[in-house]
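The chain contents come next:
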Amino acid sequence: MPTSKPTLVGVTGGIGSGKSTVCKIFAVLGVPVYNSDNRAKSLMVEDKALVEEIKAAFGEEAYSDGQNLNRSFLAKEVFSNPSKLQKLNSLVHPAVGRDFASWVAVQSNQPYVIKEAALLFETGSNNSLDSVLLVTAPEELRVRRVLARDPQRNEKQVRDIIGNQLKDEEKKKLADYVLNNNEQELLVPEVVALHEALLTAAAKKAAKEA
Ligand SMILES: CC(C)(COP(=O)(O)OP(=O)(O)OC[C@H]1O[C@@H](n2cnc3c(N)ncnc32)[C@H](O)[C@@H]1O)[C@@H](O)C(=O)NCCC(=O)NCCS
Ligand SMILES: Nc1ncnc2c1ncn2[C@@H]1O[C@H](COP(=O)(O)OP(=O)(O)OP(=O)(O)O)[C@@H](O)[C@H]1O
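Residues numbered from 1 in each chain as written. Chains lettered and ligands numbered in written order. Predicted model: local features only at pLDDT ≥ 70, side-chain atom pairs only at ≥ 80, totals over all residues. Heavy atoms only, no water.

Caption draft 1: Focus on the layout of surface pockets. As a volume, the largest pocket reaches approximately 1,500 Å³. In terms of lining residues, the largest pocket is bounded by 50 residues, among which Asp37, Lys41, Phe79, Ala118 and Arg153 are the most central. Of all the secondary-structure elements, those providing two or more residues to the lining of the largest pocket are α1 (19-28), α2 (36-46), α4 (71-79), α5 (82-105), β5 (112-116), α6 (139-149) and α7 (155-163). Residues belonging to the lining of the largest pocket are distributed by class as follows: 17 nonpolar, 20 polar and 13 charged. (1 Å grid on protein atoms, 1.4 Å probe; cavity = no way out; pocket = protein on both sides within 12 Å on 5 of 7 lines; lining within 4 Å. Points joined across faces, edges and corners; volume = space filled by probe spheres on them. Helix = DSSP H or I, 4+ residues; strand = E, 2+ residues; numbered from the N terminus. Nonpolar A, V, L, I, M, F, W, Y, C, P; charged D, E, K, R; others polar.)

Caption draft 2: Spotlight on the UniProt feature "binding site: ATP" (unreviewed entry) in the chain. With numbering matched to this structure, UniProt assigns "binding site: ATP" (unreviewed entry) to Gly16, Ser17, Gly18, Lys19, Ser20 and Thr21. Checking the named residues against the largest pocket, the ones that line it are Gly16, Ser17, Gly18, Lys19, Ser20 and Thr21. Along the chain, the position of Gly16 falls in the loop between β1 (7-12) and α1. When sequence neighbours within four positions are dropped, the list of residues in contact with Gly16 reads Arg142, Arg145 and Val146. Here Gly18 is to be found in the loop between β1 and α1. (UniProt positions renumbered as here; feature names shortened; annotations may be inferred. Contact = heavy atoms within 4.5 Å.)

Caption draft 3: Structural view of the pairing of β5. For β5, the tally of buried residues reaches five of five residues, placing the bulk of the element in the interior. Here β5 shows no split at all, with Tyr112, Ile114 and Glu116 on one side and Val113 and Lys115 on the other all buried. Taken together, the three bridges between strand β2 (residues 33-35) and β5 define a ladder with parallel strand orientation. Residue Asn35 lies in a different strand from β5, and its bridge partner there is Glu116. (Buried < 20%, exposed > 50% of the residue type's maximum accessible area, 1.4 Å probe, protein only. Pairing = 2+ DSSP bridges.)

Caption draft 4: The arrangement of the site of ligand 2 in detail. Every one of the 13 residues lining ligand 2 counts as a neighbour, but Lys19, Ser20, Thr21, Arg149 and Asn181 are closest to it. The backbone of Gly14 places a nitrogen or oxygen atom 3.5 Å from an oxygen atom of ligand 2. Interatomic distance of 2.7 Å between a side-chain N/O atom of Asn181 and a nitrogen atom of ligand 2. Contact with the protein chains hides 72% of the accessible area of ligand 2, taken as 640 Å² for the molecule alone. Judged by the fraction of its atoms near the pocket grid, ligand 2 is located in the largest pocket. The set of elements that each furnish at least two residues to the shell around ligand 2 consists of α1 and α6. With three residues, α1 is the single largest residue contributor to the shell around ligand 2. (Near = heavy atom within 4 Å. Polar contact = N/O pair within 3.5 Å; in protein donor to acceptor, adjacent residues only side chain to side chain. Areas by Shrake-Rupley, 256 points an atom, 1.4 Å probe, with all protein chains shown as cover. Sits in = over half its atoms within 2 Å of the grid points.)

Caption draft 5: Spotlight on the pattern of salt bridges. Counted by the stated rule, this structure contains 14 salt bridges. In this structure, Asp150 engages Arg153 in a salt bridge whose closest nitrogen and oxygen atoms are separated by 2.9 Å. Ionic contacts of the salt-bridge type, sharing partners, join the residues Glu139, Glu140, Glu155 and Arg159 into one network. (Salt bridge = Lys/Arg side-chain N within 4 Å of Asp/Glu carboxyl O.)

Here it is, written out as structure tokens:
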């Protein structure tokens, strides 16, 4: 039954696991999805204080024409340099956290909503969610998918990104649900089954709080 405060579900997974694909199916089922990666990129352009902090830390080159996020420059800077990545994370993640809270505040009458993020356990933001679904796939399949999807990245760059993310074995210990997106099972029925489980969990939580 819909509540005024929705249950908060995280969907995470390493690069190329298929979490965006899974979230597109949840969205078709009517579940509101907050895409942290996309929102982060918007905030890195729209949030003036954040823009100034990024320019101060990474130089004017972080923006092409002074205003468009220079993603390829930043990707080269941070994904092969953990301390630079940590610096960028420390600027961007608090802004995303505030933006997500404002988004949740206007999601009334929803049983549950989804926060999709490449990094959830790594940032500790799982602690403010009710449950987390981890999407996994074998690493070699993930690398192949990303190289096919992102022609601008080479294999070393993809493996560097993987190296900056928590390993699936560690994430599995922290996740409430795991979806193995290894292309051996049909994805849509698996997401529909998870949707039903999440609706049941949200209804139980709402009944307890009523
Ligand atoms: C460095 C940036 C500009 C590169 O942009 P680009 O379009 O090339 O890559 P994209 O954002 O699509 O990221 C590619 C993949 O890398 C992984 N990734 C992104 N940010 C991070 C990070 N901080 N740590 C580890 N992996 C990351 C994700 O799996 C992601 O899907 C961008 O990734 C970024 O701003 N990252 C820092 C902010 C962040 O942490 N965003 C994600 C969570 S809010
Ligand atoms: N079950 C599947 N069958 C076939 N292709 C798939 C499947 N799942 C994902 N893909 C493809 O693999 C690629 C990576 O998937 P997706 O973009 O959803 O991953 P992601 O986890 O969101 O990655 P990133 O962290 O880079 O944003 C996409 O091109 C997608 O179409």
